[in-house]
Amino acid sequence: MKMAKRVEDLPPYPFVEIIQKINEKRAKGEEVITFAVGDPDIPTPPHILERLHQAAQDPANHRYPEAASLPELRQAIAAWYQKRFDVSLDADKEVLPLIGAKEGIFHIAMCFIDPGDIALVPEPGYPVYPVSVMMMGGTPYYMPLIRQNNFLPDLDIIPADIADKAKFMWLNYPNNPTGAVADLDFFNKVVKFAKQHNLSVCHDAPYTEVAYDGYRPVSFLQADGAREVAIEFHSCSKSYNMTGWRIGMAVGNAELVGALNTVKSNIDSGIPQAIQYAAIEALSGPQDCIQHHNDIYQRRRDLVVGMLNKLGIEAEPPKASLYVWAKVPAGYTSVEFSNELLERVGVVVTPGTGFGKGGEGYVRLSLTLPDAALVKALSRLAEWRDPRNKFKAKR
Ligand SMILES: Cc1ncc(COP(=O)(O)O)c(C=O)c1O
């Protein structure tokens, strides 16, 4: 078969090896508990499901969705941004619903990248940022996210010729996988940098509602002049436990939103309308479910970080996101340490290198494990002793 180079050149799916091992263990009847996937275990709130159910009964919603989505959904998204971030958006020109943020994240690369172009991409980071750029024939220029810099890219070390050539930059705060957050000062600097080098900014923000200890993440669009350069991606997936329904949005600069709409209108036929009604309910209905979910995640976060620290593994409680980014003990690579936990205690953590080379030295633990499984996972971890005695558990 003659496949396209873009398919042949695709890097292998980062978690292949570990998934294979999990499957082998499960096939042998061993119980494996996984911290690997950032998919909320808590169901979609009942009022949202109720609206979805109602909308599913209406034959008008059995047909192709309305082009460019329901105006009521775009208005609900704009109203949510106004209420949540004090950002006003033109619902017709600056809002575009998506089939989940991931879909828009991939397709935005089509708006920017011709073969040979460059995009600035954080590393470690969500794998779709570099992969989409590569699939368009472009080259990602990796911006390292390191702990000493609070996992923010250091704009000053990006060579000027690279920044001048780059078409756009990806950012993601609250961050997957590091759990880091960014403030408006940093976003203001990014806007200046983008204007100076004539590049656009794509901010991926699906975790702004998943935050702890009273912390309220900001939107990139709150930065001065952001609307001139930026598009922000958001989603109902993590805010309202709607990963299975696939609905998200892109908002911001009208030209960028328009370009993405043009690309998408040639590819998909919109979001099933009943799901659009569910999203309207999620964004406009009662919001107390968010705090309720965050209370659950915060308790889990403290249990997980407490256990890791007890084992001598460095990890800080994240202020936001669904992830704990933990340093692997000395003497292990990320993959070796993930394999070690899987082999010895049947617990799966994601090797940091699944998010790019810059994730070496870390593993990611997701807080989306149901409570009963979490308790079991923690007691298994408590039993773990480093067989190589590279460090001793603090007891
Ligand atoms: C950083 C980041 N962006 C985007 C997504 C995709 O979100 P959605 O479910 O809206 O496609 C995820 C999902 O885990 C993510 O972690």
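Residues numbered from 1 in each chain as written. Predicted model: local features only at pLDDT ≥ 70, side-chain atom pairs only at ≥ 80, totals over all residues. Heavy atoms only, no water.

Visitor: Lay out the overall build of the chain with the relevant residues and their values.
Guide: Summing up its helical and strand segments, the chain has 14 helices and twelve strands in all. A principal-axis box enclosing the C-alpha atoms of the chain has dimensions of 60 × 55 × 55 Å. When contacts within the chain are restricted to residue pairs at least 6 apart in sequence, long-range pairs at least 24 apart make up 75% of them. Carbon and sulfur atoms make up 54% of the accessible area of the chain, which amounts to about 17700 Å² in all. (Helix = DSSP H or I, 4+ residues; strand = E, 2+ residues; numbered from the N terminus. Contact = heavy atoms within 4.5 Å. Areas by Shrake-Rupley, 256 points an atom, 1.4 Å probe, with all protein chains shown as cover.)

Visitor: Now, about the sheet that holds strand β11 (residues 350–351): what can you tell me, with residues and values included?
Guide: Overall, antiparallel pairing links the three strands, which are arranged β9-β12-β11 in an open sheet. The two strands at the open ends of the sheet, each matched to only one other strand, are β9 (323–327) and β11. Summarising the sheet, β11 and strand β12 (residues 362–366) pair through two bridges and their orientation is antiparallel. Of the residues in β12, the one forming a bridge with threonine 350 is arginine 364. (Pairing = 2+ DSSP bridges.)

Visitor: A description of the site of the ligand should follow, citing residues and the corresponding values.
Guide: Inspection of the region around the ligand gives 15 residues, with Asp204, Tyr207, Ser235, Ser237 and Arg246 positioned closest. Between the ligand and asparagine 176, the relevant distance is 2.7 Å, taken from an oxygen atom to a side-chain nitrogen or oxygen of the residue. Side-chain polar atom of aspartate 204 to a nitrogen atom of the ligand: 2.5 Å apart, as the coordinates give it. Contact with the protein chains covers 92% of the free accessible surface of the ligand, which is 400 Å². It is helix α5 (residues 101–112) that contributes the most residues to the shell around the ligand, three residues altogether. (Near = heavy atom within 4 Å. Polar contact = N/O pair within 3.5 Å; in protein donor to acceptor, adjacent residues only side chain to side chain.)

Visitor: An account of helix α10 (residues 254–265) is requested, with residue identities and associated values reported.
Guide: Taking 1.5 Å of rise per residue, twelve residues should cover 16 Å, and α10 covers 16 Å from first to last C-alpha, within 8% of that figure. With a side-chain oxygen lying 2.9 Å from the backbone nitrogen of glutamate 255, the N-terminal cap of α10 falls on asparagine 253. (Expected span 1.5 Å × (residues − 1).)

Visitor: Can you explain the pairing of strand β8 (residues 248–252)? Please cite residues and give values.
Guide: Of all five residues that make up β8, five are buried, and the element is covered over most of its length. Across the two faces of β8 the burial is the same, with Gly248, Ala250 and Gly252 and Met249 and Val251 all buried. One ladder, built from four bridges, connects strand β2 (residues 95–98) with β8; its direction is antiparallel. Residue pairing in the sheet places leucine 96 in a bridge with alanine 250 of β8. Note that strand β7 (residues 230–235) and β8 share five bridges and pair antiparallel. Of the residues in β8, the one forming a bridge with isoleucine 231 is glycine 252. (Buried < 20%, exposed > 50% of the residue type's maximum accessible area, 1.4 Å probe, protein only.)

Visitor: Give me the lowdown on the packing of α5 against helix α6 (residues 128–135), citing residues and values where you can.
Guide: It is the contact of α5 with α6, at a shortest axis distance of 8 Å, that shows an interaxial angle of 35°. Crossing of α5 against α6: the hand is right-handed. Residue-level contacts link Lys102, Ile105, Phe106 and Ala109 of α5 to Val128, Tyr129, Ser132, Val133 and Met135 of α6. Residue composition of the contact of α5 with α6, by class: seven nonpolar, one polar and one charged. (Axes fitted to C-alpha atoms, helices over the stretch in contact; angles between N-to-C directions. Left-handed = near helix turned anticlockwise from the far one by under 90°. Nonpolar A, V, L, I, M, F, W, Y, C, P; charged D, E, K, R; others polar.)

Visitor: Could you give an account of empty space enclosed by the protein, naming the residues involved and the relevant values?
Guide: Taken as a whole and assessed by the stated rule, the structure comprises three cavities of 30 Å³ or more. Taken as a whole, the largest cavity holds about 40 Å³ of empty space. Around the largest cavity sit Leu308, Leu311, Ile313, Ala326, Phe337, Leu341, Val349, Val363, Leu365, Leu381 and Trp384, which together line it. Where the lining of the largest cavity is concerned, the elements lending two or more residues are α13 (334–345) and β12. (1 Å grid on protein atoms, 1.4 Å probe; cavity = no way out; pocket = protein on both sides within 12 Å on 5 of 7 lines; lining within 4 Å. Points joined across faces, edges and corners; volume = space filled by probe spheres on them.)

Visitor: Go over the pairing of β9 with me, naming the residues and quoting the values.
Guide: Every regular strand shows the same layout, with side chains that alternate between the two sheet faces. In terms of burial, β9 is a largely internal element, four of the five residues being buried. Here β9 runs beside β12; their pairing, made up of five bridges, is antiparallel. Bridge pairing links valine 324 to leucine 365 in β12.

Visitor: Report on the side chain of threonine 44, specifying residues and quantitative values.
Guide: Checked against the element boundaries, threonine 44 lands in the loop between β1 (33–34) and α3 (46–57). Of the residues examined, threonine 44 reaches a relative accessible area of 11% and is grouped as buried. Within polar-contact distance, the side chain of threonine 44 engages the backbone oxygen of asparagine 241 at 2.7 Å. Looking at threonine 44, its side chain comes within polar contact range of the side chain of tryptophan 245, at 3.2 Å. Sequence-distant contacts of threonine 44, defined by excluding residues within four places in its chain, comprise Leu49, Tyr240, Asn241, Met242 and Trp245.

Visitor: Can you break down the packing of aromatic side chains residue by residue, with the values?
Guide: All told, the structure shown has 17 aromatic pairs when counted by the stated rule. Look at phenylalanine 186 and phenylalanine 187: their rings are 6.2 Å apart centre to centre, the planes differ by 50°, and that puts the pair in the tilted class. Both residues of the pair, phenylalanine 186 and phenylalanine 187, belong to the buried class. Clustering of aromatic rings is evident, with ring pairs tying together Phe112, Tyr126, Tyr129, Phe168, Trp170 and Phe233. The lysine or arginine in question, lysine 319, covers the ring of tyrosine 215, its NZ or CZ lying 5.3 Å from the ring centre. In this structure, lysine 327 is placed above the aromatic ring of tyrosine 362, and the distance from its NZ or CZ to the ring centre is 4.8 Å. (Phe/Tyr/Trp six-rings, centres within 6.5 Å; stacked < 30°, edge-to-face > 60°. Lys NZ or Arg CZ within 6 Å of the ring centre and 35° of its normal.)

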